[in-house]
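Analysis of the macromolecular model
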Amino acid sequence: METFEAITSRRSVRQYSGAAIPDESLKKILCAGLLAPSSRGQKPCQFAVVRSREMLTQLSRAKAAGAGMLAECDAAIVVMADAQKADTWLEDSAIAIAYMDLMAADLGIGSCWCQICMRKAKDGTPAEDNVKELLSLPDPYRVAAILALGMPRTRLPGHAAEEADFSRVHLY
Ligand SMILES: Cc1cc2nc3c(=O)[nH]c(=O)nc-3n(C[C@H](O)[C@H](O)[C@H](O)COP(=O)(O)O)c2cc1C
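Report follows, based on the coordinates. (Residues numbered from 1 in each chain as written. Predicted model: local features only at pLDDT ≥ 70, side-chain atom pairs only at ≥ 80, totals over all residues. Heavy atoms only, no water.)

**Looking at the packing of helix α2 (residues 23-34) against helix α4 (residues 89-106)**
Viewed as axis vectors pointing N to C, α2 and α4 meet at an angle of 150 degrees, and their least axial separation amounts to 7 Å. The angle between the axes of α2 and α4 places the two elements in the roughly antiparallel class. In this structure, α2 meets α4 at a crossing whose hand is right-handed. Contacts from Lys28, Ile29, Leu30, Ala32 and Gly33 of α2 reach α4 at Ala96, Tyr99, Met100, Met103 and Ala104. (Axes fitted to C-alpha atoms, helices over the stretch in contact; angles between N-to-C directions. Helix = DSSP H or I, 4+ residues; strand = E, 2+ residues; numbered from the N terminus. Parallel < 35°, antiparallel > 145°, perpendicular 65-115°, else oblique. Left-handed = near helix turned anticlockwise from the far one by under 90°. Contact = heavy atoms within 4.5 Å.)

**A short note on α2**
With 12 residues, α2 extends 16 Å between its outermost C-alpha atoms, agreeing within 8% with the 16 Å of an ideal straight helix rising 1.5 Å per residue. Within α2 the residues assigned to the buried category are Ser25, Leu26, Ile29, Leu30, Ala32 and Gly33. Looking down the long axis of α2, one finds its buried residues gathered within 150 degrees of arc, a one-sided arrangement. Away from its buried face by more than 90 degrees, α2 exposes Asp23, Glu24 and Lys27. Next to the buried residues of α2 lie β1 (45-50), β2 (75-82), α4 and β4 (141-150). (Expected span 1.5 Å × (residues − 1). Buried < 20%, exposed > 50% of the residue type's maximum accessible area, 1.4 Å probe, protein only. Arc of directions from axis to C-beta.)

**Some details on the site of the ligand**
Contacts to the ligand come from Arg10, Arg11, Ser12, Arg14, Lys63, Gly66, Met69, Cys112, Trp113, Cys114, Gln115 and His159. A distance of 2.6 Å separates an oxygen atom of the ligand from a polar atom in the side chain of Ser12. The backbone of Gln115 places a nitrogen or oxygen atom 3.0 Å from an oxygen atom of the ligand. Bound to the protein, the ligand loses 61% of the 620 Å² it would expose on its own. For the shell around the ligand, a count of residues per class yields 4 nonpolar, 4 polar and 4 charged. (Near = heavy atom within 4 Å. Polar contact = N/O pair within 3.5 Å; in protein donor to acceptor, adjacent residues only side chain to side chain. Areas by Shrake-Rupley, 256 points an atom, 1.4 Å probe, with all protein chains shown as cover. Nonpolar A, V, L, I, M, F, W, Y, C, P; charged D, E, K, R; others polar.)

**Overview of the layout of surface pockets**
Considering only enclosed or pocket space, the largest pocket measures out at about 180 Å³ in volume. Together, 15 residues line the largest pocket, and Ser9, Arg11, Val13, Ala105 and Arg155 are the ones closest to its centre. Contributing elements (two or more residues each) for the lining of the largest pocket: α4 and β3 (110-115). Taken together, the residues that form the lining of the largest pocket break down as 6 nonpolar, 5 polar and 4 charged. (1 Å grid on protein atoms, 1.4 Å probe; cavity = no way out; pocket = protein on both sides within 12 Å on 5 of 7 lines; lining within 4 Å. Points joined across faces, edges and corners; volume = space filled by probe spheres on them.)

**Some details on α4**
An ideal rise of 1.5 Å per residue puts 26 Å on 18 residues; α4 measures up with 26 Å between its terminal C-alpha atoms. Considered for burial, the residues of α4 that qualify are Trp89, Asp92, Ser93, Ala96, Ile97, Met100, Asp101, Met103, Ala104 and Ala105. Considering only its buried residues, α4 is in contact with α1 (3-9), α2, β1, β2, β3 and β4. With its phi angle positive at about 75 degrees, Gly108 sits one or two positions after the end of α4.

**Things to note about the pattern of salt bridges**
Opposite charge on two side chains makes pairing possible when the charged atoms of those side chains draw close. Enumeration over the complete set of coordinates arrives at 5 salt bridges. For the salt bridge of Arg142 with Glu128, the shortest nitrogen-to-oxygen distance reads 2.6 Å. Residue Arg142 is found in strand β4, and its partner Glu128 is found in helix α5 (residues 127-134); the two are separated by 14 residues along the sequence. Among the ionic contacts, a cluster of salt bridges with common partners joins Asp23, Arg51 and Asp74. (Salt bridge = Lys/Arg side-chain N within 4 Å of Asp/Glu carboxyl O.)

**Regarding a nonpolar patch on the surface**
Together, Phe166, Val169 and Leu171 give the surface a local cluster of nonpolar side chains, amounting to about 400 Å² of exposed area. Among the structural elements, Val169 can be located in the segment after β4. (Patch = residues over 30% accessible without salt bridge, like charges linked within 9 Å, V, L, I, M, F, W, Y side chains within 5 Å.)

**With respect to the environment of Ala105**
The topology assignment puts Ala105 in helix α4. Exposure remark for Ala105: the relative accessible area of 14% places this residue in the buried category. When the C-alpha atoms of Ala105 and His170 are compared, they prove to be 29 Å apart, with 65 residues separating the residues in sequence. Sequence-distant contacts of Ala105, defined by excluding residues within four places in its chain, comprise Met1, Ala6 and Arg10.

This is the structure in structure tokens:
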């Protein structure tokens, strides 16, 4: 698939068929995250692959809303970053997630970004604290988001190139 085709066909997929993601595809998605650029090439991100149904269910409760797909997906990649290693940990995490998201689209695998930092659980606990406790992450680690992955239950229509709103582009 060409890059632009992957960009236009990519959608957030929250419903999955239940079929397993091929190991090769999961490896390629992780490869995309590991090869993503980072500020000064410091690579502060680490990637936790979660396939345990019990852990996926617990992660889906880490924040109050918008994490339900984690309980249904085949695998989730928790992107954590050492904030002491790079002050750009959030940007570095975001770009790694975006690369993995696009790689998944290219491979026909459904994916959905699940925001963690700056979100709260139903009881008001920061979602990040909940994820860090579940995965026993040491303190310098921050968690920007989790990528849910699964074989799509249905194919969602992509975004037409015409949807790109050029009124948001400003020439100087
Ligand atoms: C920074 C960011 C945070 C997001 N957080 C969530 C989330 O917590 N839960 C969710 O279901 N979708 C989340 N999404 C997915 C967006 O809702 C989705 O990208 C948007 O509605 C556009 O739909 P599309 O991805 O199908 O084009 C997030 C996307 C981004 C880029």
